[in-house]
Amino acid sequence: MDEASAPVRLTGKQWLICGIAAMGFAFDIYELLMLPLIVRPALLALESAAPGSPEFRGWVQLLFYVPAVCGGIFGLLGGYLTDRFGRLRVLLWSILLYGFSAFAAGFATSAAMLLVLRCTTFIGVSVEFVAGIAWLAELFPEPKRRQSVLGYTQAFSSIGGLMVAGAYYLAVTYGDAFPAIYGGHEAWRYTLLSGLIPAIPLILIRPFLPESPIW
C-alpha cells in the first residue's frame, strides 16, 4: 500500500469528538429506557395509584405517549435548529436539557410534574440525535471515515440500555447509602438523578470541541 492510500490515523481531537458523540448516543437510550424501570414505583409514590387501576394505566399511557410525541415533533425541528444556531451549540444544549430534565425529575412531587420533565427529556434526546449526526458527518468529510465514525458511535446506543439497568440496580441495592430525598430513599429518584451524568464532562471539555466547518 502506498503512502497516498494509507489510512490516516485519528488525531487526539478527533478521538475526543468521537468519544463525546458515543457518550451522547449512549445516554440517549439511557434516558429513554429509564421510564420502564421507574414508572411503577414512581406512580406508587407520587399518586398512590394501585397497579392495574384505571388511574395507574392512564398515567402510564400518558408517560409513554406524550413525551414520545413531543420528542418526535422537536426532532423534526432539529434540522432547522442546527442550521439556525449551529451543530455543536444545539448538540451541547440538547444534552444539557435532557440531563438536567432527568435530574429535576428525581425531585418530582406529582405525576404531572414527572410528565412535563419527561417531555423535556425526550425533546433534548431527539434534538441531540439530529444535531449529533450532522456534526459528525461534517467533521469527517471523507466517505469511508464518515461511515465508520457514524456507525461505531451510534453502536454505543445499545450500551445505554445496559448502563441504565446497572444504574437502577445500584440505586436499588445501595440506595440507603445515598442522601435522602424528601425524607426517604427511593431507587427511582436516584436513577433519574443519574441522568445528569452526561452534562458534567460536557461542561469541562466544551472549549476543546470544534464547530462544523461547513456550518
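One way to put it is that helix H4 (residues 87-105) packs onto helix H5 (residues 111-139) with a least axis distance of 7 Å and a crossing angle of 155°. Considering their axes alone, H4 and H5 lie roughly antiparallel with respect to each other. As H4 packs across H5, the resulting crossing turns out to be left-handed. In terms of residue class, the contact of H4 with H5 is made up of 18 nonpolar, six polar and three charged.

In total, this model carries three salt bridges according to the counting rule given. The salt bridge partner of Arg87 is Glu138, with a shortest N-O separation of 2.8 Å. Separated by 51 residues along the polypeptide, Arg87 in helix H4 and Glu138 in helix H5 bring together distant segments of the chain. Taking the relative accessible area as the measure of exposure, Arg87 reaches 8% and is therefore buried. As a salt-bridge pair, Glu186 and Arg189 come within 2.6 Å of each other at their nearest N and O atoms. One network of salt bridges, with partners in common, ties together Asp83, Arg87 and Glu138.

Now for the packing of helix H2 (residues 34-46) against H5. Put simply, H2 and H5 touch, their axes get as near as 10 Å, and they point 155° apart. By the angle between their directions, the pair H2 and H5 is classed as roughly antiparallel. Of the residues in H5, those in contact with Met34, Leu35, Ala42, Leu43 and Leu46 of H2 are Ala111, Leu114 and Arg118. When its residues are assigned to classes, the contact of H2 with H5 shows seven nonpolar, no polar and one charged.

Reading guide: rules and limits
- Within each chain, residues carry numbers counting from 1 in the order of the written sequence.
- This being a predicted model, a pLDDT of at least 70 is required before a residue's local features are given, and a value of 80 or more before pairs of side-chain atoms are given or counted; all residues contribute to the totals for chains, interfaces and linings.
- As a rule here, side-chain values come from all non-hydrogen atoms in the structure, and water together with hydrogens is ignored.
- The angle between two axes is taken between their N-to-C directions and runs from 0 to 180 degrees, where each axis is a line fitted to C-alpha atoms and a helix contributes only its stretch in contact.
- Only DSSP runs of H or I reaching four residues or more are called helices, and only runs of E reaching two or more are called strands; each is numbered from the N terminus.
- Comment on the angle field: the value is read as roughly parallel under 35 degrees, roughly antiparallel over 145, roughly perpendicular from 65 to 115, and oblique elsewhere.
- The handedness criterion is simple: a crossing whose near helix is rotated anticlockwise from the far helix by less than a right angle is left-handed, and one whose near helix is rotated clockwise is right-handed.
- The nonpolar class holds Ala, Val, Leu, Ile, Met, Phe, Trp, Tyr, Cys and Pro. Asp, Glu, Lys and Arg form the charged class, and all remaining residues, Gly among them, are polar.
- What counts as a salt bridge is simple: a side-chain nitrogen of Lys or Arg found within 4 Å of a carboxyl oxygen of Asp or Glu.
- Burial classes follow relative accessibility: with a 1.4 Å probe on protein chains only, a residue under 20% of its type's maximum area counts as buried, one over 50% as exposed, and anything between as partly exposed.
- By definition in these notes, contact holds between two residues if any of their heavy atoms fall within 4.5 Å.

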